2 protein chains.
Amino acid sequence: MTYKFNPIPRVLMGPGPSDVHPRVLRAMSAPLYGHLDPLFVQMMDEVKSMVQQCFITENLLTFVVSAPGSAGMETCLVNLLEPGDECIICVNGVFGGRMVDIAERCGAKVHRIDTEWGKVTEPDQVKKALDACPKPKLLAIVHAETSTGALQPLEEISKIVHEAGALFVVDAVTSFCGVPLEVDKWQIDAIYTGTQKCLSAPPGLSPVSFSEAAVKVLDNRKTKVQSWFLDLTMVKNYWAGAKRAYHHTAPVSSVYALHEALNIVLEEGLEARWARHQEVHQYLRKQLEARGFRFLVEEPYRLPNLNSVYLPEGCDEAALRSQLLNKYNIEVGSGLGAFAGKIWRVGIMGESATKNHVNLLTGALDELM
Amino acid sequence: MTYKFNPIPRVLMGPGPSDVHPRVLRAMSAPLYGHLDPLFVQMMDEVKSMVQQCFITENLLTFVVSAPGSAGMETCLVNLLEPGDECIICVNGVFGGRMVDIAERCGAKVHRIDTEWGKVTEPDQVKKALDACPKPKLLAIVHAETSTGALQPLEEISKIVHEAGALFVVDAVTSFCGVPLEVDKWQIDAIYTGTQKCLSAPPGLSPVSFSEAAVKVLDNRKTKVQSWFLDLTMVKNYWAGAKRAYHHTAPVSSVYALHEALNIVLEEGLEARWARHQEVHQYLRKQLEARGFRFLVEEPYRLPNLNSVYLPEGCDEAALRSQLLNKYNIEVGSGLGAFAGKIWRVGIMGESATKNHVNLLTGALDELM
């Protein structure tokens, strides 16, 4: 039995995927290279260069994990942690919690810094955690919590972490290419992101980057990395080795899409892109607040590209969200975890960060509410 | 700095990826659904149904890992093995060796059955291994060794393995949709494949299926699965749960491609597709042997879709392979491991399994040699 393939076009304003540029969609319709073709290897080099530019880093170990952002998270943790290692993980939403789960599966002893969802981790909390765990191998933190829309300041915490001699690991899945992020300047030792947020490529790949200090930790491991698929001691020979040793078959068409999406980001310019997200956020904010929506996150820590909002009194969020999808083909996100049924997450990311998108949404809301 | 995106069309006759049908390429250019959109969930159900049809199984736990075939391999092993478990792994090429590596990373005690590369594992070897390890948790074997082109008979070994009370785990990366494979009839308990071989979709996903017995083993685990990303106790709630709990963001565009590629397979019919691969293999064989190529694998165990051949005396395999690629845009595969520099692997898989492909190759060879 076969099935028709006729997807209905949606307007993607949830927590990702975001709308994808026609150039990126078209890139995937190109015939495939073999994954060891010299011209594909050259394209991988170009992707690496563009990922470095977008992370604002010169890290040599910068490449793309052949799986979604969650696999990028696992890549960072399984390669840097060994059984018995101590680490500190900041938790203020779903994704901090996921890091704890993964780190524990690595056999690490995890010290949590728990913060109320929707708020950010304060430098003082990090200092206190370091008092209780003076020599952690790493501290991991989420830059942009996709479950709450909180944007975490990183620079001060990075300094404290490095003073303690630990590696600084950052989840940039929802911040990459949408808000200021400077890997080298902020001394981030390991970072991962996804393709389906402010980069506006389809989901399925995870750009990552590791500092020299992180590579040293990797080189000095005493045990094998528990995941074969994510083992950087092997993967790096495919992405960066002189001989380009075969490891696994790279997802060629997804790399095509990523290549073109990175081109589009760099043609716009990172700073212009950050400014666009901020500008559309301010416009969205005005429109939503005028209709009785209230922001979950305090203003200084609001992620511009993913807006967590309480609905106006008396709204049935699930019914309204379903009508938006079914009558207007507009997707907004529901709350996760503690916020399920209580908030919406309205994404204006990458190609979805336009005033037209905001107007589509508010126009539909005005009819429905 | 940005880079042009203008891939040159290749003719893919290596070990994968194979040529992709224009319908599949076009499918990826469709705008994206959100990964929790009810219409995308319906598409996932359709993909599941079509994967079941192609595996010829009614296994409920049939779905698609969001990463390439190697991650499918890791999924099967990390979910079924726990530290201290004993298992038997048949090794007659690169991919059997990879299974050993992964199983050891799971903390399992691995008993290897080593067979000369290019040959297949005999039932008697399995019996002897079971004498030395009477109660293994599973026996894992490669159906079609991509590194040698050997096709492993499975039915008799499956019986022996089940008599010993073990699970039967099969790598079907290069056999799926190209040669006869019947998961339920052959009592396979866990199986994984890739999309970029005889299915002719782009690489990046791994269809898998688990029998009831395997699910029971999964349900009775004493330890957490070491990989969060590949943990079936959670992934299955996204692919098959009543509530479709969010786990990770599915690679939407790659699922589109898989959906359309599965449609094409089922429109052709599995048996017709198997017969086509066999017919083109016989044609290729005649053409290659007439030009002095010799097959590595004995006739009864030759994989029709991936032909491992020694080159005629005096040929510089690397130079010839490079000329084929650069002058004729035809990719054939080099040897792996022990066969590096010695053989070619000529793939006629999926859309690349046509007499036209064979004629392109032999025409170019006649000019070059």
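Residues numbered from 1 in each chain as written. Chains lettered and ligands numbered in written order. Predicted model: local features only at pLDDT ≥ 70, side-chain atom pairs only at ≥ 80, totals over all residues.

(A) The overall build of chain A, seen in detail. The number of helices and strands found in chain A is 12 helices and 14 strands. Radius of gyration (C-alpha) of chain A: 21 Å, near the 21 Å computed for a compact globule of 369 residues. Each principal axis of the C-alpha distribution contributes one length, and for chain A these read about 60 × 55 × 45 Å. Expressed as a percentage of the 369 residues in chain A, the buried residues total 58%. Within chain A, residue pairs in contact and separated by at least 24 positions form 71% of the contacts whose partners lie at least 6 positions apart. (Helix = DSSP H or I, 4+ residues; strand = E, 2+ residues; numbered from the N terminus. Rg over C-alpha atoms; globule rule 2.2 N^0.38 Å. Buried ≥ 20, exposed ≤ 12 C-beta atoms within 10 Å, placed from the backbone. Contact = placed C-beta atoms within 7 Å.)

(B) The relation of the copies chain A and chain B, seen in detail. Of the two same-sequence chains, chain A is brought onto chain B (RMSD 0.0 Å, axial shift 0.0 Å) by a rotation of 180 degrees. Overall, the copies show the geometry of a two-fold rotation axis. Closest approach to the rotation axis within chain A is made by the C-alpha atom of Ala67 of chain A, at a distance of 2.6 Å. Taken together, the interface assignments show that 100% of the residues at the interface of chain A recur at the interface of chain B, consistent with an identical surface on both copies. (Least-squares fit on C-alpha atoms with pLDDT ≥ 70 in both.)

(C) Representation of the interface of chain A and chain B. Taken residue by residue, the interface counts 63 residues in chain A and 63 residues in chain B. Elements that contribute at least two residues to the side of chain A that touches chain B include exactly helix H1 (22–27), helix H2 (38–55), helix H3 (69–80), helix H4 (94–105) and helix H9 (252–268) of chain A. A per-element tally of the side of chain A that touches chain B places H9 of chain A first, with 9 residues. Here the side of chain A that touches chain B is built from residues that sort into 30 nonpolar, 22 polar and 11 charged. (Nonpolar A, V, L, I, M, F, W, Y, C, P; charged D, E, K, R; others polar.)

(D) Quick peek at the sheet that holds strand E11 (residues 294–295) of chain B. Residues and elements named next belong to chain B. Strand order in the open sheet formed by 5 strands is E1-E13-E14-E12-E11, with mixed pairing between adjacent strands. The open sheet is flanked by strand E1 (11–13) and E11, the only strands paired with a single partner. Where E11 and strand E12 (residues 306–310) come together, 2 bridges link them in antiparallel fashion. Directly across from Arg294, in E12, lies its bridge partner Tyr310. (Pairing = 2+ DSSP bridges.)

(E) Just the packing of helix H2 (residues 38–55) of chain B against helix H9 (residues 252–268) of chain B, in detail. Residue and element names in this part refer to chain B. In contact at an axis separation of 10 Å, H2 and H9 are set at 40 degrees when each is read in the N-to-C sense. Taken together, H2 and H9 sit at an angle that is classed as oblique. Pair H2 / H9 crosses with left-handed handedness. Across the interface between the two elements, Phe40, Met43, Met44, Glu46, Val47, Met50, Val51, Gln53 and Cys54 from H2 touch Val252, Val255, Leu258, His259, Leu262, Val265 and Leu266 from H9. Residues that form the contact of H2 with H9 fall into these classes: 13 nonpolar, 2 polar and 1 charged. (Axes fitted to C-alpha atoms, helices over the stretch in contact; angles between N-to-C directions. Parallel < 35°, antiparallel > 145°, perpendicular 65-115°, else oblique. Left-handed = near helix turned anticlockwise from the far one by under 90°.)

(F) Geometry of the domain arrangement of chain A. All names here are of chain A. You can read the domains of chain A as domain 1 (11–16 + 269–368) and domain 2 (22–266). Here the C-alpha centroids of domain 1 and domain 2 sit 26 Å apart. At the junction of the two partners, domain 1 supplies 24 residues and domain 2 supplies 24 residues. Counting residues per element, the ones that place at least two in the side of domain 1 that touches domain 2 are helix H10 (270–290) and strand E12 (306–310). (Domains from an automatic or database assignment.)

(G) Summary view of the nonpolar core. Grouped together as the largest cluster of nonpolar side chains are 255 residues, with contacts concentrated most on Ala103 and Leu139 of chain A together with Ala103 and Leu139 of chain B. Apart from residues lying up to four places away in sequence, Leu139 of chain A is in contact with Cys87, Ile88, Val126, Val161, Ala166, Phe168 and Val169 of chain A. (Core = buried A, V, L, I, M, F, W, Y, C linked by C-beta atoms within 7 Å.)

(H) The arrangement of the sheet that holds strand E4 (residues 109–114) of chain A in detail. Residues and elements named next belong to chain A. Pairing is mixed in the open sheet, where 7 strands are placed in the order E2-E10-E9-E8-E5-E3-E4. For this open sheet the edge positions go to strand E2 (61–65) and E4, each flanked by a neighbour on one side alone. Ignoring which end each strand starts from, the neighbouring axes of this sheet average 15 degrees apart. Note: strand E9 (residues 190–192) against strand E10 (residues 206–210), 3 bridges, orientation antiparallel. Paired with Tyr192 across the bridge in E10 is Val208.

(I) Focus on the environment of Ala132 of chain A. Residue and element names in this part refer to chain A. Its location among the elements puts Ala132 in helix H5 (residues 123–132). Note on Ala132: 10 C-beta atoms within 10 Å, which makes it exposed. Residues Ala132 and His111, spaced 21 residues apart in sequence, show a C-alpha to C-alpha distance of 8.6 Å.

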